[in-house]
Structure formats: structure tokens, C-alpha cells
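Structural features, examined
The primary structure of each chain is shown beneath.
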Amino acid sequence: MWPRPVPFIRSRQGLAMGVFPACADGAPSRRPEVNSALSGHTLLPVTESWYHVRPVILVHGLLGTADAHYAGCRRWWSHSVTEIPLPGHGAGGGVPSHPAAAAIDRVLEEIGEQPQPPVVVGLSYLGAAVAFRAAERAPARVAGVVMSGYSFLVSPETLNRWLAGFTRMATHQQGSRNHFAELHGEKWEKLLTATFDELSDGCLRLPDVEDLKRAEAPVQLVNGALLQNERNAIGPAAAAGADVAVVAGAGHVVPVDAPRVFAATVEEFAERIDAGRTAFHERRRAAARAAHHDVSAAEAGEAEEAAHV
């Protein structure tokens, strides 16, 4: 039996990590990385199976980082994975005037660099919205979207209430302040304000159920079972055409609480996209059958009328 396929993880900042098939004792072996003079990226040795797995792009959440949100998943990926740092997040760089808009542009750029249409994964309300809006702008170049820690039912009033509560927590709890300052430096408050301004003024609009119904690619919602709001989001998302998954024992940040299950859920969704076994594909087949039935019924009616002439 061949060893489990292994991932190539690359960040948009150029950091690359190749993890290779396990040794006989089960520990992963690390071989010297092969640098491509053409691409500037670190590459895995070519294997036949490498061409049969769809790439995955990961977008972290507000005031998080790829390390904070996805580090636990890295050992479990068998697909090519690219982690994208959101503008203004992390220790380096400043805060753009419109960080979410800049994030969508960054994700679109990475989508264009993939060898085939990727699955784009977004975490929490910022990451999920960025992933969805990027896919919306490039439907032919995206295979599917995974949104986690998200609800399509959040009203503007509810969102504003959450934002106010989050701001109070971030401002008054010293532990939170220290955590965000450690991740992002002193600019974290400016980043928070700029992102909330985009949500408030409509520059970044959170996808709702109507957006989901209009989606031109398969969408999967992966929420934790521990939060009632995110459990309640599952049924309406499924009714609007999304694939859905509820992860036991996980809260808002599923890849942190259940990294192995999260990685497996994303990759299984990617495989079902290729096999045409998603709710999106089934809705299209049902629409085609209905259209065919309508045409057949109309033709039968015309034939019956002609017979009586």
C-alpha cells in the first residue's frame, strides 16, 4: 500500500513547506526542497497522483493569521494548499484603506495562478465573505467555495450588534489586546476599524441566502455544532442549495477545534465536485430534467392538436 499523499503548502508571502511520504516508523520524511527558477516557488517532486488532486486556497478570518487558524490542518492535507494572508494582518505591512477589497483582489490573483480551478476556503465572516466574493467575480476559474463559521441569515442589525460587542471585548479585555498586538502589532485597532467601516458602508457586503441561490459554483457550509447560531444556519443554507456539514465538538473556528475533520471535509467536497455529486450539480440536473419534461409535454400537446385538425 502506497503512503498517504502529502501536501505542498505555500503561503502567498513565499514561505513554502514540502512534507513527504511517511517513513517506515510513521514519521514524515523531509527531503531537500526543489526551487523553481521560473516560478520562485518551492515545488514537490512530480508524482502521477499530484495531477489528480484539486488545489485548495485558504483565507483566514478577521484578526487572525494562517498560522493561528490553519496550522493544525497542515499535517492532514493531501491536496496542494495555498494559505493567503489577508492585507493588514500579521506583523508586517500596513493597513490598506479598504482591506477587504484588497483581500478579494489578492485571492483573485492567487486563483489565476493555480494550475486548475481551485476550491476557495474562507473562515468566519470576513474570510468567508472574501472567498465568496472572489469566486463570484471569477466563476469560470473557481471549482467551489467552502465557508466555515458563517451564517447566511445575519441581518445588518445583528451584525452591528456583534461588531459592537467584539469591539468592546477587544478594547477592554487586556488579554485580547495583548493577543491581537502580538499577532498584528499596534495597527490591529486600525485594521479592526477599517474592516468594520467596510461592512457598515456596504463596501463589503456579507453574502446572504439570495447570493447563495445565485452562486455559479458549488458552495459548502462547514459549521461547528457547539454554537446555536451556526447550527441554525445549516438548514436554510441547505435549502438554498449549499452542501452542509456540522462538525461535532467544534465551535466557531472549526479548523482550530477539529483540524483533521475540517481538512477531510474540504477535500471530500473537492472530490465530490469533480464527480458531480454536490447539491449544486443535483439542482442543475433537476432543472434540466424539468425543462426537458416541459418541452416534451409541449411537444405532446402540439401533436395532439395537430391530430385533431
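Here the structure is shown first, and the text comes after it.
Below is a summary of the structure that appears in this document.

Definitions and cut-offs
Each chain carries its own residue numbering, running from 1 in the written order of its sequence. Predicted model: local features are reported for residues with pLDDT of at least 70 only, side-chain atom pairs are reported and counted for 80 or more only, and whole-chain, interface and lining totals are derived from all residues. Processing note: side-chain calculations cover all non-hydrogen atoms of the structure and skip hydrogens and water entirely. Helix numbering and strand numbering both begin at the N terminus, where a helix is a DSSP run of H or I of at least 4 residues and a strand a DSSP run of E of at least 2. Burial classes: relative accessible area under 20% of the type maximum marks a residue as buried, over 50% as exposed, and values in between as partly exposed (1.4 Å probe, protein chains only). Methods summary: accessible areas were calculated by the Shrake-Rupley approach with a probe of 1.4 Å, and residue burial reflects only the protein chains presented. Here the expected span of a helix is defined as 1.5 Å times the quantity of residues minus one. Put simply, a salt bridge is a Lys or Arg side-chain nitrogen that is within 4 Å of an Asp or Glu carboxyl oxygen. The contact definition used throughout considers only heavy atoms, calling two residues in contact when any of these lie within 4.5 Å. Every angle, taken between N-to-C directions, lies between 0 and 180 degrees, and every axis is a line fitted to C-alpha atoms, over only the stretch in contact when it is a helix. Should an angle fall under 35 degrees it is taken as roughly parallel, and over 145 as roughly antiparallel, whereas 65 to 115 is taken as roughly perpendicular and any remaining angle as oblique. Each crossing gets its handedness from the near helix: less than a right angle anticlockwise from the far helix is left-handed, clockwise is right-handed. Here a polar contact is taken to be a pair of N or O atoms separated by no more than 3.5 Å, where protein atoms must pair a possible hydrogen donor with a possible acceptor and residues adjacent in sequence count only if both atoms sit in side chains. Here a strand pair is declared whenever DSSP counts at least two bridges between the two strands. Whether a crossover is right-handed comes down to one check: with the strands pointing away from the viewer, does the path from the first strand over the helix to the second run clockwise; if it does, it is right-handed.

If you tally the helices and strands in the protein, you get 12 helices and 12 strands. For the protein, buried positions account for 47% of its 309 residues. Carbon together with sulfur atoms contributes 56% to the accessible area of the protein, which is approximately 15500 Å² in total.

Moving on, we get to unusual backbone geometry. Positive phi, close to 60°, is recorded for Leu 63, a residue that is not glycine. A residue is classified by how much of its surface remains accessible, and Leu 63, at 3% relative accessible area, is buried. For Ser 124, which is not a glycine, the phi torsion comes out positive at approximately 65°. Here Ser 124 lies in helix H3 (residues 124-137). Take Ser 124: its relative accessible area is 16%, and that puts it in the buried class.

With that out of the way, let us pick up H3. A turn of α-helix holds 3.6 residues, and therefore any two residues three or four places apart point the same way. With 14 residues, H3 extends 20 Å from end C-alpha to end C-alpha; this agrees with the ideal 20 Å at 1.5 Å per step. Here H3 has its buried residues at Ser 124, Tyr 125, Leu 126, Gly 127, Ala 128, Ala 129, Val 130, Ala 131, Phe 132, Arg 133, Ala 134 and Ala 135.

The tally for this structure, following the rule as stated, stands at 14 salt bridges. Residue Arg 133 is joined to Glu 136 by a salt bridge in which the shortest nitrogen-to-oxygen separation is 3.0 Å. Here Arg 133 and its partner Glu 136 are both found in helix H3, 3 residues apart, which amounts to about one turn of the helix. The buried category is assigned to Arg 133, whose relative accessible area is 8%. Here Asp 243 makes a salt bridge to Arg 272, at a shortest N to O gap of 2.6 Å. In this pair, Asp 243 sits in strand S12 (residues 243-247) while Arg 272 sits in helix H11 (residues 259-275), placing the two residues 29 residues apart along the sequence. For the pair shown, Asp 243 and Arg 272 are each scored as buried.

On to the environment of His 69. As for its position among the elements, His 69 is in helix H1 (residues 66-70). Residues His 69 and Leu 123 lie 54 residues apart in sequence; the distance between their C-alpha atoms is 8.4 Å. Not counting chain neighbours up to four residues away, the residues in contact with His 69 comprise His 60, Gly 61, Gly 64, Leu 123, Val 253, Pro 255 and Val 256.

What follows covers the packing of helix H2 (residues 99-113) against H3. At a closest axis distance of 9 Å, the pairing of H2 and H3 adopts a crossing angle of 55°. For the element pair H2 / H3, the angle class is oblique. For the element pair H2 and H3, the recorded crossing hand is right-handed. Residue-level contacts link Ala 100, Ala 103, Ile 104, Asp 105, Val 107, Leu 108 and Ile 111 of H2 to Leu 126, Val 130, Arg 133, Ala 134 and Arg 137 of H3.

Attention now moves to H2. For H2, which comprises 15 residues, the first-to-last C-alpha distance of 21 Å matches the rise-based estimate of 21 Å (1.5 Å per residue) to within 8%. Those residues of H2 not exposed but buried are Pro 99, Ala 100, Ala 103, Ile 104, Val 107, Leu 108, Glu 110 and Ile 111.

Here we come to the side chain of Arg 133. There is a polar contact of 3.0 Å between the side chain of Arg 133 and the side chain of Glu 136. Every residue in contact with Arg 133, bar those within four places of it in the chain, is listed here: Ile 104, Arg 205, Leu 206, Pro 207 and Asp 211.

We now examine the pairing of strand S10 (residues 144-148). The element S10 is largely enclosed, with a buried count of 5 among its 5 residues. Of the pairings in the sheet, the one linking strand S9 (residues 119-123) to S10 comprises 5 bridges and is parallel in character. In the sheet register, Leu 123 faces S10, and the bridge partner there is Ser 148. Between S9 and its parallel partner S10, the chain crosses via H3, and the hand of that crossover is right-handed. Looking at chain direction, S10 and strand S11 (residues 219-224) are connected through 4 bridges and run parallel. Bridged to Val 145 within S11 is Val 219.

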